[in-house]
Amino acid sequence: MDYTAALQMGDVDKMNAQLHDKAMIYGLNGALDSLNVKQHKDYFINSMKEYKHSISGDLYLPVKVENNWNEGEWLLSWGTNTVTNKKTGKEIEIPFHIVSMIEDGKIVFIRYFYDLLNVATGQGFTLTPPKK
C-alpha cells in the first residue's frame, strides 16, 4: 500500500524503496518482458513527467501460500488508475489488478494486469476487426 501511495504522490524514489534489490516487474507498458529495479525507476520517472496517477476503488488482499510451488507472502490488489496527461488534461481510466510477492518486507515480484485496449482507445487508437 505504501507503493500505491507513493505512486499517487509521484514519488518514484519511495516506490522503488518498497522493492527488493533483485525485484522483477512484469507487465508495465504492455511489456511482455521484465523490468529490473533500475528499469522500473526509469519507467516511472518518464511516466511522472507526462502523467499524474490517481488510484481509486483500490482493494488489497494479503495471501499466505504454504506447501505449493508459489509458496510465500502475496499481496493482490485491484482498482482503477486514472492517468491524467499533464499537458492536455486528458484522462484515461485504467482498471488494474496487481500481484506482488513480499519477502522480508520488500516486494520481490510484481505482475501488472490492466486493460490495454482501454489504454489504446483512450489515446485515440481504434480497433479494426479482421476482414472476413
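In what follows, the structure referred to is the one given above.
Residues numbered from 1 in each chain as written. Predicted model: local features only at pLDDT ≥ 70, side-chain atom pairs only at ≥ 80, totals over all residues. Heavy atoms only, no water.

Caption draft 1: Here's a closer look at the sheet that holds strand β6 (residues 106-114). As summarised here, the arrangement of the 6 strands in space is β2-β1-β6-β5-β4-β3, forming an open sheet in which the pairing is mixed. Each end of this open sheet is capped by a strand with a single partner; those strands are β2 (34-35) and β3 (51-65). Across 12 bridges, strand β4 (residues 72-85) lies against strand β5 (residues 91-103) in antiparallel orientation. Within β5, the residue paired with Val 83 across the bridge is Ile 92. On top of the sheet, helix α1 (residues 2-9) reaches β1 (19-26), β3, β4 and β6; it is set at about 175° to β3, its chief contact. (Pairing = 2+ DSSP bridges. Helix = DSSP H or I, 4+ residues; strand = E, 2+ residues; numbered from the N terminus. Contact = heavy atoms within 4.5 Å. Axes fitted to C-alpha atoms, helices over the stretch in contact; angles between N-to-C directions.)

Caption draft 2: Molecular detail of the side chain of His 97. Inspection of the secondary structure assignment puts His 97 in strand β5. For His 97, a relative accessible area of 19% translates into the label buried. Leave out the neighbours within four places in its chain, and His 97 touches Leu 76, Ser 77, Trp 78, Arg 111, Tyr 112 and Phe 113. (Buried < 20%, exposed > 50% of the residue type's maximum accessible area, 1.4 Å probe, protein only.)

Caption draft 3: Structural context of the environment of Ile 25. Residue position: Ile 25 is located in strand β1. Separated by 87 residues in the primary sequence, Ile 25 and Tyr 112 place their C-alpha atoms 7.9 Å from one another.

Caption draft 4: Seen up close, α1. Within α1 the residues assigned to the buried category are Tyr 3, Thr 4, Ala 6 and Leu 7. Around the axis of α1, the buried residues are gathered within 160° of arc, so they sit on the same side. Looking at the buried positions of α1, the neighbouring elements they touch are α2 (12-17), β1, α3 (37-50), β3, β4 and β6. (Arc of directions from axis to C-beta.)

Caption draft 5: Layout of the nonpolar core. Core analysis: the largest hydrophobic core is formed by 19 residues, its most contacted members being Tyr 3, Met 15, Leu 19, Ile 25, Phe 44, Ile 110 and Tyr 112. Leaving out residues up to four positions away in the same chain, Ile 25 has contacts with Leu 19, Asp 33, Ser 34, Leu 35, Asn 36, His 40, Ile 110 and Tyr 112. In terms of nonpolar packing, the next biggest core, distinct from the first, is built from 6 residues, Trp 74, Leu 76, Met 101 and Val 108 among them. (Core = buried A, V, L, I, M, F, W, Y, C linked by side-chain atoms within 4.5 Å.)

Caption draft 6: Just the pairing of β1, in detail. Here β1 runs beside β6; their pairing, made up of 4 bridges, is parallel. Within the sheet, the bridge partner assigned to Tyr 26 lies in β6 and is Arg 111. In the sheet, β1 pairs with β2 via 2 bridges, with the strands oriented antiparallel. Directly across from Ile 25, in β2, lies its bridge partner Leu 35.

Caption draft 7: The arrangement of the pattern of salt bridges in detail. Applying the stated criterion to the full structure yields 4 salt bridges. With its nearest N and O atoms 2.8 Å apart, the salt bridge here joins Lys 41 to Asp 13. With Lys 41 in helix α3 and Asp 13 in helix α2, the pair connects residues that are 28 residues apart, well separated along the chain. Among the salt bridges present, the one from Glu 66 reaches Lys 64, with a minimum N-O distance of 3.9 Å. What makes Lys 64 exposed here is its relative accessible area of 56%. Salt bridges sharing partners connect three or more residues here, namely Lys 64, Glu 66 and Glu 73. (Salt bridge = Lys/Arg side-chain N within 4 Å of Asp/Glu carboxyl O.)

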